[in-house]
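As a plain string of letters, each chain reads:
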Amino acid sequence: AYTAKPFVPDHGTLDDLRRAAAGCRGCPLHRPATQTVFGTGNTHARVMLVGEQPGDQEDRQGKPFVGPAGKLLDRALAEAGVDPADTYVTNAVKHFKFTQAEPRKRRIHKSPSLREMTACGPWLAAELALVEPELIVVLGATAGKALLGSSFRVGQVRGTVLEEEIHGRPERLVPTVHPSSVLRADDREQAYQGLVADLKVAARALG
Ligand code: URA
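Residues numbered from 1 in each chain as written. Predicted model: local features only at pLDDT ≥ 70, side-chain atom pairs only at ≥ 80, totals over all residues. Heavy atoms only, no water.

Q: Summarise the overall build of the protein; cite the residues concerned and give the values.
A: Within the protein one finds eight helices and eight strands. The C-alpha atoms of the protein give 16 Å as radius of gyration, which agrees with the globular expectation for 207 residues (17 Å, within 12%). Taken along its principal axes, the extent of the C-alpha atoms in the protein is 40 × 40 × 30 Å. Expressed as a percentage of contacts within the protein between residues at least 6 apart in sequence, the contacts between residues at least 24 apart total 72%. Distance between charge centroids for the protein: 7 Å, based on 27 positive and 24 negative side chains. (Helix = DSSP H or I, 4+ residues; strand = E, 2+ residues; numbered from the N terminus. Rg over C-alpha atoms; globule rule 2.2 N^0.38 Å. Contact = heavy atoms within 4.5 Å. Lys, Arg positive; Asp, Glu negative; His and termini not counted. Charge placed at Lys NZ, Arg CZ, Asp CG, Glu CD.)

Q: Go over the side chain of Asp198 with me, naming the residues and quoting the values.
A: Inspection of the secondary structure assignment puts Asp198 in helix α8 (residues 188–206). Its relative accessible area of 8% is what places Asp198 among the buried residues. Reaching out from Asp198, the side chain makes a polar contact with the side chain of Arg158 at a distance of 2.8 Å. In contact with Asp198, other than residues within four places in its own chain, are Arg158, Gly159, Val174, Pro175, Thr176 and Val177. (Buried < 20%, exposed > 50% of the residue type's maximum accessible area, 1.4 Å probe, protein only. Polar contact = N/O pair within 3.5 Å; in protein donor to acceptor, adjacent residues only side chain to side chain.)

Q: With reference to specific residues and values, describe the nonpolar core.
A: Counting 33 residues, the largest nonpolar core has Val50, Trp123 and Leu147 as its most contacted members. Going through the elements one at a time, α1 (14–21), β2 (47–51), α4 (114–131), β6 (135–139), α5 (141–148), α6 (154–157) and β7 (162–166) are the ones with two or more residues in this core. Ranked by the residues each element gives to this core, the list is headed by α4, at eight residues. If we skip the residues at most four places from it in the chain, Leu147 touches Val50, Leu124, Leu128, Ile136, Val138, Ile166 and Leu173. Counting 25 residues, the second largest nonpolar core, distinct from the first, contains Leu77, Ala80, Val89 and Val137. (Core = buried A, V, L, I, M, F, W, Y, C linked by side-chain atoms within 4.5 Å.)

Q: An account of the site of the ligand is needed here, citing residue identities and associated values.
A: In the neighbourhood of the ligand, the contacting residues comprise Gly51, Glu52, Gln53, Pro54, Gly55, Glu58, Pro64, Phe65, Asn91 and His178. In the model, a nitrogen atom of the ligand is placed 3.0 Å from a nitrogen or oxygen of the Gln53 main chain. The side chain of Asn91 places a nitrogen or oxygen atom 2.7 Å from a nitrogen atom of the ligand. Protein burial of the ligand: of its 240 Å² of free accessible surface, 94% is covered by the chains. Here the residues of the shell around the ligand are counted per class, giving three nonpolar, five polar and two charged. (Near = heavy atom within 4 Å. Areas by Shrake-Rupley, 256 points an atom, 1.4 Å probe, with all protein chains shown as cover. Nonpolar A, V, L, I, M, F, W, Y, C, P; charged D, E, K, R; others polar.)

Q: If you had to explain the packing of helix α3 (residues 68–80) against α8 to someone new, which residues and values would you point to?
A: It is the contact of α3 with α8, at a shortest axis distance of 8 Å, that shows an interaxial angle of 55°. Here α3 lies oblique to α8, going by the angle between them. Here α3 runs over α8; the crossing is right-handed. The residues of α8 that touch α3, namely those facing Leu72, Arg75, Ala76, Leu77, Glu79 and Ala80, are Tyr192, Gln193, Leu195, Val196, Leu199, Lys200 and Ala203. (Axes fitted to C-alpha atoms, helices over the stretch in contact; angles between N-to-C directions. Parallel < 35°, antiparallel > 145°, perpendicular 65-115°, else oblique. Left-handed = near helix turned anticlockwise from the far one by under 90°.)

Q: I'd like to hear about the packing of aromatic side chains, residue by residue, with values.
A: Using the criterion set out here, one finds two aromatic pairs in the structure. Seen from the ring of Phe38, Lys94 lies directly overhead, with NZ or CZ sitting 5.6 Å from the centre. (Phe/Tyr/Trp six-rings, centres within 6.5 Å; stacked < 30°, edge-to-face > 60°. Lys NZ or Arg CZ within 6 Å of the ring centre and 35° of its normal.)

Below, the structure written as structure tokens:
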């Protein structure tokens, strides 16, 4: 089975993890991708935000949520009253998965498979063990499935505080939609307000 496990150091800092993750060969996604996109933010962050996987911009720049979805997420977090200094931002899968009709053509995002999410799980577990956030904000279905299992449905639990055991630790989680889905929605304003409302639940849960 694909797994990142042999690449994950069993102790060290977030920077140690980031350096090790740059060389991860735990699944085939590293081959076409430009680089590993590891999480960023404060080791002492109160909130961990978990997305799906890096997109085109993230793959080029090497940082999560720096493209259009990230801009929207930053705006929504500010509006909900979540301080960016309190956040650690990462993805369930650390490499960009895409299709490309021809070289130099646009790279089109592809959803990661359950195998790829599972393979990448040891990185997320290591991030959680180091950051020990008070709350996890689950951004969309892929992150939800990676953290809570394949039966996760975002529509059923969004905007609520869940208490679940994740990688052997009790965690509080607030699921919401993925910011990319807001960009694709027919009624963008309504979808955006829904995201902000869910993030306000997270802000309130932090106190
Ligand atoms: N979408 C994600 O899920 N993560 C990113 O880092 C960027 C876009």
